[in-house]
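Here's the letter readout for the chains.
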Amino acid sequence: MTSILKTIGSVVSSKGLDKPAYEVLSSEKNYELRRYSPAKWVSYTVKSVKKKEAQTEGFWKLFNYIQGENEKEMKVEMTAPVSTRVEPGAGPNCESTFTVSFFIPPEHQENPPQPKNPNVFIEERPGFEAYVRSFGGFANEDSWVTEAKKLSEDLKEKTSEIRQDFWYTAGYNSPFQLFGRTNEIWFVKK
């Protein structure tokens, strides 16, 4: 019980949590261009019309993994952000594919414990560059899309440089953190 409370407490604030390494290549008024290092993430994919439902389902599958539902039955520290890869569906009311992921902490990057749940998997993300827009507050379905639209408008001259088949959302805070929240949209460069 104590370790569950500790883990939940660690996500109340993202301060002190391990995060994926990146370098800021350039910084504009409304976005940054970052280069992320290769890293392993634990992930879960779900199809849904609603991002929130998909993200909630994915979060709890991954939370179970870090609480010991893995081959080593070991606890893994919480990290930030919770990233969600969004592969848009064919139309407005069609299912999209959402892959919810937790960054694997540095001490487990070499050899992360394998998940017991066959639908949870270790993902090896190669290094990548991304245009990143940050925003505060409590993100919801509308704000994620609104902020992604703003980033796409800022990058309209660079459209040919950006992957069109998917994008990421990244949330850094627990729902219990009321102030100083950080959310991000990531558009990956080709």
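Shown above is the structure to which this text applies.
Residues numbered from 1 in each chain as written. Predicted model: local features only at pLDDT ≥ 70, side-chain atom pairs only at ≥ 80, totals over all residues. Heavy atoms only, no water.

Novice: Go over the environment of Phe-98 with me, naming the residues and quoting the values.
Specialist: Following the sequence through the fold, Phe-98 ends up in strand 5 (residues 96-103). Counting along the chain gives 13 residues from Phe-98 to Arg-85, while the straight-line C-alpha distance between them is 5.5 Å. Among residues more than four places away in sequence, those in contact with Phe-98 are Tyr-44, Thr-45, Val-46, Ser-48, Lys-50, Lys-51, Ala-54, Thr-84, Arg-85 and Val-86. (Helix = DSSP H or I, 4+ residues; strand = E, 2+ residues; numbered from the N terminus. Contact = heavy atoms within 4.5 Å.)

Novice: Residue-level account of the sheet that holds strand 1 (residues 22-27), with values.
Specialist: Spatial ordering of the open sheet is given by 1-2-7-9-8-4-5-3-6, a layout of nine strands whose pairing is antiparallel. Among the strands making up the open sheet, the edge pair consists of strand 1 and strand 6 (120-125). Between one strand and the next, the sheet's axes are offset by a mean angle of 30°, whatever the strand orientation. Where strand 3 (residues 39-48) meets strand 5, eight bridges bridge the pair, whose relative direction is antiparallel. Among the inter-strand pairings, Ser-48 is bridged to a residue of strand 5, identified as Ser-96. Taken strand by strand, helix 2 (residues 51-66) contacts strand 3, strand 4 (82-87), strand 5, strand 6 and strand 8 (167-171), and its axis lies near 35° from that of strand 5. Seen against the sheet, helix 3 (residues 141-154) touches strand 7 (128-135), strand 8 and strand 9 (183-188) and runs at an angle of roughly 45° to strand 9. (Pairing = 2+ DSSP bridges. Axes fitted to C-alpha atoms, helices over the stretch in contact; angles between N-to-C directions.)

Novice: Provide a residue-level description of the pairing of strand 1, including the pertinent values.
Specialist: Both faces of the sheet carry side chains from a regular strand, because those side chains alternate between them. Where strand 1 meets strand 2 (residues 32-36), five bridges bridge the pair, whose relative direction is antiparallel. Looking at strand 2, one finds that Ser-27 is bridged to Glu-32. The turn joining strand 1 and strand 2, which pair antiparallel and follow one another in sequence, is formed by four residues.

Novice: Which residues make up helix 3, and what values do they have?
Specialist: Taking 1.5 Å per residue as the helical rise, helix 3 with its 14 residues ought to reach 20 Å, and the 20 Å between its terminal C-alpha atoms agrees with that figure. Within the sequence span of helix 3, burial applies to Ser-143, Trp-144, Glu-147, Ala-148 and Leu-151. Down the axis, helix 3 shows its buried residues gathered within 130° of arc, on one side only. Projecting away from the buried face of helix 3 at angles above 90 degrees are the exposed residues Asp-142 and Glu-153. The inward-facing, buried residues of helix 3 contact helix 2, strand 7, strand 8 and strand 9. (Expected span 1.5 Å × (residues − 1). Buried < 20%, exposed > 50% of the residue type's maximum accessible area, 1.4 Å probe, protein only. Arc of directions from axis to C-beta.)

Novice: Just give me the short version of the environment of Tyr-65, but keep the residues and values in it.
Specialist: One can find Tyr-65 in helix 2. For the pair Tyr-65 and Val-188, spaced 123 residues apart in the sequence, the C-alpha separation amounts to 27 Å. Ignoring sequence-local partners within four residues, the contact set of Tyr-65 consists of Val-42, Asn-70, Met-74, Val-76, Ile-104, Pro-112, Pro-113, Gln-114, Pro-115 and Ile-122.

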